[in-house]
Every structure is written in structure tokens, then in C-alpha cells.
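# Observations on the three-dimensional arrangement
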Amino acid sequence: MSAARTRGTGTVNLSLLAGGALIGLVILVAVVSFVWTPHDPYHVDSTHRLLGPSPTYWLGTDTFGRDIASRLMVGSRTTLFVGVIAVGVAAVLGTPLGVLTGMTRRLAGFIMRATDLAMAFPALLLAIMFGAVFGSSTLTAMVAIGLASIPAFVRVVRAGTLQVMSTEYALAARAAGRRGPGIAVRHVLPNVMSLVIVQASVSFAIAVLAEAGLSFLGFGTPPPTPSWGRMLQESQELLFTHPLLAVWPGVAIALAVLGFNLFGDGLRDRYDPRLERRR
Amino acid sequence: MSKETLTVRRLAVHRHDGEALVTGVDLTLAPGERVGLIGESGSGKSLTALAIMGLLPEGLRASGSVRLAGTSTDLLDTGERALADLRGNRLSMVFQEPMSALNPLMRVGDQVAEVLRLHQTGIGRAAAAAKAVELLDQVRLPDPAQAARAYPHQLSGGQRQRVLIAMALANEPAVLLCDEPTSALDVTVQAQILDLIVAGTAHRDTSLLFITHDLAVVATVCSRVLVMRDGSIVESGPVEQVFTRPQHPYTQALLDAAEPPASDAASSVQKAGQSLLSVENAARVYTRPRTSLLTPRPRVAGLRDVSFDVAAGQRFGIVGESGSGKSTLVRLLAGLDRPTSGSVRFAGREISALPERRLRFLREDVQMVFQDPSGSLDPRMRVGEIVAEPLVALGRARLRTERANRVRDLLDAVGLPADAAVRFPHEFSGGQRQRISIARALAPAPKVLIADEPVSALDASVRSRILELLASLADSHELTLVFVSHDLAVVRQICDTIGVLHQGELVEIGPTEQVYTQPAHPYTRRLLTAIPTVTRALAGVSASDLASAPADLPEH
């Protein structure tokens, strides 16, 4: 019994800590990049093209002779921006809609069909459309990706809500005199929060990758602003001669996504009272 | 080796970290002998059966010895392949939950035939299928050829359990282990299944180990009994001796809980006040999803034309089996659902037509206790918040300190320590959780308490304490009690008036003792006949007697 306890809490703390550390690192790098980078990330220097890692250029230089380390640092801002906007839009709009469709029968049909429609529409196409209408910027691309991620939140939250509403404690809350909104806030939301967190960490990863694709197509972050996604795309043609160009942004994206996933898992476990003190 | 079919010596089950879950279990089964293993949840009775079968879950280890007649080695030392050959063949098991024990995607006839083909090498496909139908006929499934082609979800719970018994007996096993085979079934169905198990094993000279928490069932089915507590056998012997002259205080306690004294409620009949809850010609029809575009949505009557009154101060019991409409009726009374037609009134006010926001008066005066003590408490709320919820929802006790005081008083009233308020529901046992649920229901000081199967998920000894608590609270808080249960013994213990529900109709209503001693409706008589009791079993009432009820009602 005691063995299980130590192991249980150990895992919870570990993923929360590791995830938090990775996210903290990305945030730290982004903050530092405002005041200091090893080199000017925008400085084109044709004499120093495609250099390998060295004490001067920690991670080497790209086709235009720009310092990769500096560009990665500045690019982390874009990544955080992307994550916060896209996941924020999707979660803030999708979660209440999901709860609503799970609790009211009248609206559910309409919202769910609208959700199906939105799901059938490709996210990238929506982002390109937004770019064409509002001008291409990271913000418009991310709002579009966020809107396109709403259906996923609606579906996940609705499923969770239906499950909560079928429990006796939801019935008990009604019998205790609670009305719909009270049940939604006190019972449904806390119990579907773990689903929202997991969905958010998945959506974050999708958003980062979508930003990369959009930037490549010219509808995301406009050049020369560095973005991990575009750095990855730009390295594509040099993949066989200079593979390191792809490795650095790839590793950065992987670590950031891993960080958010671990953090999400950790949060979910941390706030589940059943896991907190099992046995 | 003696003539015993199964000999278990010093059986123990340990966890990986060394903690003992079962210790020193000795048991023998003679051919055709029926032995009961009694214990409450967590006593280790199921683990004992799983250890004998070699089916212990990952992380558990068995030691001691298990010998089966006709095999040379100790079963605990036998490899998985050799054990697999024995299981379903010489050694069979019937589980509690017949739905999860059957493969939902396979026709039941094929599942029975599979057991035959697994262990009888010579048997062909057609012969196995024919034998399967024959076996299904032996377990008295109506139209066995048709039933063999059915999928598990098309059968009722009792019919599925029959299929499992057919599978277990298919290869004429030497030993049959039954783990709570009837606990999920209604009493009338239970009676038939028990009869079937007794007949099936007697016919084949199979030894039976019958595991249950229900003493009356053991008394009816078995000749010898073992009482298990905290992983070891505390008492064993012939049924008659153990149940009439129990040596161990735990056995005595179980017996007391199993045979509750007839209620004092019944004698103190009705301080009858005015009618508080009244139901008039209430019906509730459910519509199912369409099965085809051309036909109208199928309609199922949950409740038809039910009328009765509950007077202030009364303890009104509602008895019925699964599907009888008990839960539907409870929801109507509590204003959680509306009747399709008819009326439900509380204190003279019609509640069936009111929208939620105008039901406040009802929520203040009518509170509920639910069946599942873990499902009815929000796992993410602390007990203090749970108990205070009706106060918050109804806008009472707005001050934090006032609420905290009220919660402490309520927890005290139901026998829980004050520090329970800061803990989460999962830290409590089933009985304690039901106390929390009762505390919540009492929070707004209601006039009526509706209890929907409040003790059916609890062990017998816990059950009687919760019933005592409910009865004493009803007295001290001057509550009108509506008590719903499938268990007639429980209702008899606590209620002064009883209504019997059958397939959505209230077939009988009257004072408790009258319903019990002079039941008017055939269904009530059948229900009463089917209940096993220790006293009747000791007087010689057998499983087949329980099942031989008036035949004018179909199994459903």
C-alpha cells in the first residue's frame, strides 16, 4: 500500500515537474530574446552561410548566414503566441458550447450539426481564407486554427458532460435544489476539466504544426520574423546536405509539445482527488 | 488421497509486497456436496475461488495446496496450459455479472458449443451445436433452439445466467464454483436460478462451492458452510449447526443482520397526519429511438395508472423488482421527472406541471437519498461542500461559519466525525458514504425523505446500521419516509405501509404486516414465496420450493 502511494505521487510530480520545466524553459528563452540574443536574428551575412555549430554560432547558420540559435530564441515567442491564441480561442469557446449541448436537448441538435459542418471544413483552408480576408499574420492564422479546433473541444466536453449528467450526483444536485447553471459550474465543469486539459495539450501540438504549414504557404508568420515551423520548412531542401538545419527547430518543437503534454497530464492527475490520495 | 473431489489446504493469497489477503483456508468438497462460503465484501471469498481456479489477478500469489481428484499434481503448481485444460472441463465457474461474462458479439449457442469443442476433441461442429441446444434446454430456457441463436443482449439477466450455468456444466465438471451468481438478479429469478444450480449439480454429482454474502441463500442451497472474515475462515460446519448454534460472534452478528426483527414501525402504525404526497392516476411513457423510418417510435410504459397517498409521518415502502417502475415513481415524487398523464401533488400543490424554477418549495421539503453511495457524491467535492450543497442551492445559511456549523451538526447526526468535512468521498467506505448522502438530504430540514434503494449496495451488517440510522432520524426529525427497495425484508423492517409495484402497476397496497401475512395479489404471493430466509431453509424449504411459485405470471 505504501509502495503504491509513493510511486503514485512520484509520477504525478515527475510529469508535472518535467512538463513545467520544459514550458518554463520556452518561456524563459522567449523573455530573454527580447533583451538579448547571441547575434542579430535578422542579420543576413552571405560570407557565413550554412556553417556548422561553433563557439561563435552555437547552432550554426542558415542559408542566409543568419544565426540559428538567435532565430530559435526569437521563434519561441511565435510558438507561445500560437499556442496561447489557438488553444485559448478553442477552449474558451468550445468548452461552454460542449457543456451546453450536453445539458440542453433543444440546442444540442443544432450546435452538433454546426460542429459537424465545421469539422468537415479543413482547418488550413479556413486559415488561408482568413489570411486572404484579414491579411496574413500570425494572429489571423491562429484565430483561424483556434476556431477550427472548437469542434474537437465541443465533442470531447459534450461526451464528458453527458457522462456527468447521467450520474446520480448530478441528479442529487437537482434534488438539492440546484438549477442548470449551478450544476454546470459546480459539478460538470470540474469533472470535465481533465478532458479539457488533455484536449488542450493535443490542440497545442496541432496548432504549432499548423503554424509551420501555414508559414510555409505564406499565410502564417510573414518573413523575416523567425518561426520554428518555417525554419523547419525552409530546411527541407537542404535536408540531405545540412540535416542539422532541420534538427534544431524539430527538437525545439518536439520539446515544447512534449512539455505541454506532460504538463497537461500532470495537471490532470494533480487535480483528481481520487488519484491524489489513493488508498 | 481420500474420495474428496477437491481438497484445499492452508491456502493463502499474498500481494507482491507481502501483505496477506487470504490466510490458512482449509476446505474439502465431497462428490455432489454443496458447500457455502459466506463473507462480506473484502473478506477474500472471491480471491479464494480465483486462487482455486488459478485465475488470480496480476500481482497476487497463492500458496498452500489445492488438489483435484483425478489429477496427480497440486493445482497451484500446475502450469497455465494444463490448468486451461481443466478449467471449463473438470473445474467450472459461474460469475456474478452474466452480461460481462458473455461475449457480446457471439451467439450464446456458439459460446456453449465452444466450451464443448475446447475440451472434447472428438466432437464435431454439428454435434457440439446440437449438444449446446440440449444444454440450454436443461437450464430451462424457453425455446432453446431459438435461444441458441440469440446474442447476450437479447436475453434477460436471468436468462444470461442460465446460459452461463449451461456453459459451466457443459463438460460435466467435478467441481463448480459459483461466485455470487444471483446477487444481481431479482428474487423471483434468483429462486429459479438457485433451483437450477442445485438440480444441475445433483444430477451430475458435481461438487458445488457457493460463494455469497447472503446467509439465507446458503441455508437454502448448501449442506455445509464456511464463514470467512478478513481473509480467514472463522467458523465452519453443517448449515444446521452453524446457523442455529453459531460459535463465533461474527457469525452471530451476520445472522442477526440477516434475520432482522419485524419492525417496530409496523406496530406503531401511523400517527397518521394529513396527506402530504399524493399521486393520482400517474402514468409515465418512455419513447425509445426509432427502429425503422416507417414505424412510429416504440413506446414503453414505465408506470401505468398509479394512485396512492402518503400521509405526514408515515413510513411508506415501495417494493418491486427491476423494471417494475420503482425509480420512475421516485423521480416523479421528487419532481425530477414529469408524468405523461395524471397528477403528483405535494402538500396539496400540483408539482407535475411546474418548471424547475418554481419547484423551490418542493426542494426545501422533499429530499432524496440515492442507491449508489459512490455515484451520488461528486468525486471532486469535499464532503463539507457536498453536505452544504442544498443550503447553498436554496440560499440558506449564507454565512460561511453558519454553514460550517450546520455541516458539523449534520455529520454528527449521521455518526461521522467533524473532520470528515474536509475529506473527499473516495476516502470513505460504502456505509460512510451513504451517511454523507443522508446528511446532505437532511441539510435543508426537509419534511419528506425519499430513499431509493439506500442499502442495496451495502453489506448486511452495514445495512442494518444504516436502516437503524434512517429509522431514528425519521423519528427525531419527524420525517415522512418513502422507502423504495427490491428487498422485502428491508422494507418490512422499516415501513408501516407497503405498496407493491409490478410492471409499472401498483398491484397491492396496505399495512406492512397485512401485506406480508395475507398477500392479496398473486404477484405479491410469488414474491414472498421466492425470498429465501434462514428460518425457512432450516425448516426444510428447498431451492425448488422457492421457485415453485404461482405460475400465472411470466418471467420478464
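Fair warning: this is a prediction, and the values are worked out from it, not measured in the lab.

So, how was this worked out
Residues numbered from 1 in each chain as written. Chains lettered and ligands numbered in written order. Predicted model: local features only at pLDDT ≥ 70, side-chain atom pairs only at ≥ 80, totals over all residues. Core = buried A, V, L, I, M, F, W, Y, C linked by C-beta atoms within 7 Å. Buried ≥ 20, exposed ≤ 12 C-beta atoms within 10 Å, placed from the backbone. Helix = DSSP H or I, 4+ residues; strand = E, 2+ residues; numbered from the N terminus. Contact = placed C-beta atoms within 7 Å. Pairing = 2+ DSSP bridges. Axes fitted to C-alpha atoms, helices over the stretch in contact; angles between N-to-C directions. Domains from an automatic or database assignment. Left-handed = near helix turned anticlockwise from the far one by under 90°. Nonpolar A, V, L, I, M, F, W, Y, C, P; charged D, E, K, R; others polar. Right-handed = clockwise from strand over helix to strand, strands pointing away.

## Here's the deal with the nonpolar core
Judged by nonpolar contacts, the single largest core of 225 residues is most densely connected at Val112(B) and Leu136(B). When residues of this core are assigned to their parent elements, the largest contribution, 14 residues, is made by helix α2 (residues 68-103) of chain A. When residues no more than four places from it in sequence are discounted, the contact partners of Leu136(B) are Gly109(B), Val112(B), Leu141(B), Pro144(B), Ala147(B), Ala148(B), Val163(B) and Ala166(B).

## A few points about unusual backbone geometry
Residue and element names in this part refer to chain B. Even without being a glycine, Glu 180 presents a positive backbone phi close to 50°. Structurally, Glu 180 is set in the loop between β6 (175-179) and α7 (187-204). The backbone of Asp 230 shows a phi angle near 50°, a positive value even though the residue is not glycine. Secondary-structure assignment places Asp 230 in the loop between β8 (224-229) and β9 (232-238). With 15 C-beta atoms packed within 10 Å, Asp 230 lands in the partly exposed category.

## Looking at the sheet that holds strand β19 (residues 505-511) of chain B
All names here are of chain B. As summarised here, the arrangement of the six strands in space is β15-β16-β17-β12-β18-β19, forming an open sheet in which the pairing is mixed. Where the open sheet ends on each side, the last strands, each with one partner, are β15 (366-369) and β19. Direction aside, the axes of adjacent strands within the sheet are offset by 15° on average. Sheet topology note: the strand β12 (residues 315-319)/strand β17 (residues 480-485) ladder contains five bridges and is parallel. Of the residues in β17, the one forming a bridge with Val 319 is Ser 485.

## Some thoughts on the sheet that holds strand β13 (residues 341-346) of chain B
Residue and element names in this part refer to chain B. With antiparallel pairing, four strands are arranged side by side in an open sheet as β11-β10-β13-β14. If you trace the sheet from one side to the other, it starts and ends with β11 (299-311) and β14 (349-350), each paired once. Pairing of β13 with β14 involves two bridges; the strand directions are antiparallel. Within β14, the residue paired with Arg 345 across the bridge is Glu 350.

## Digging into the domain arrangement of chain B
Size of an interface: often given as the accessible area lost when the parts come together. All names here are of chain B. Assigned domains within chain B: domain 1 (1-90 + 173-257), domain 2 (100-170) and domain 3 (264-377 + 446-532). Placing the centre of domain 1 and that of domain 2 at their C-alpha centroids yields a distance of 25 Å. Tallying the contact residues gives 14 residues for domain 1 and 12 residues for domain 2. Counting residues per element, the side of domain 1 that touches domain 2 draws most heavily on α7, which supplies seven residues.

## Notes on the packing of helix α4 (residues 123-134) of chain A against helix α5 (residues 138-165) of chain A
Residue and element names in this part refer to chain A. Here α4 crosses α5 at 145°, and the two axes come no closer than 8 Å. The interaxial crossing formed by α4 with α5 has right-handed handedness. Mapping the contact onto sequence places Ala 123, Leu 126, Ala 127, Phe 130, Gly 131 and Phe 134 in α4 and Thr 140, Ala 141, Val 143, Ala 144, Ile 145, Leu 147 and Ala 148 in α5. Of the residues contributing to the contact of α4 with α5, the split by class is 11 nonpolar, two polar and no charged.

## Topic: the pairing of β17(B)
Residue and element names in this part refer to chain B. Where burial is concerned, most of β17 is hidden: six out of the six residues are buried. Going residue by residue along β17, you find Thr 480, Val 482 and Val 484 tucked away on one face and Leu 481, Phe 483 and Ser 485 tucked away on the opposite face as well. Taken together, the five bridges between strand β16 (residues 448-452) and β17 define a ladder with parallel strand orientation. Looking at the pairing, Asp 452 lines up with Val 484 of β17. Crossover β16 to β17 through helix α17 (residues 460-476) is right-handed.

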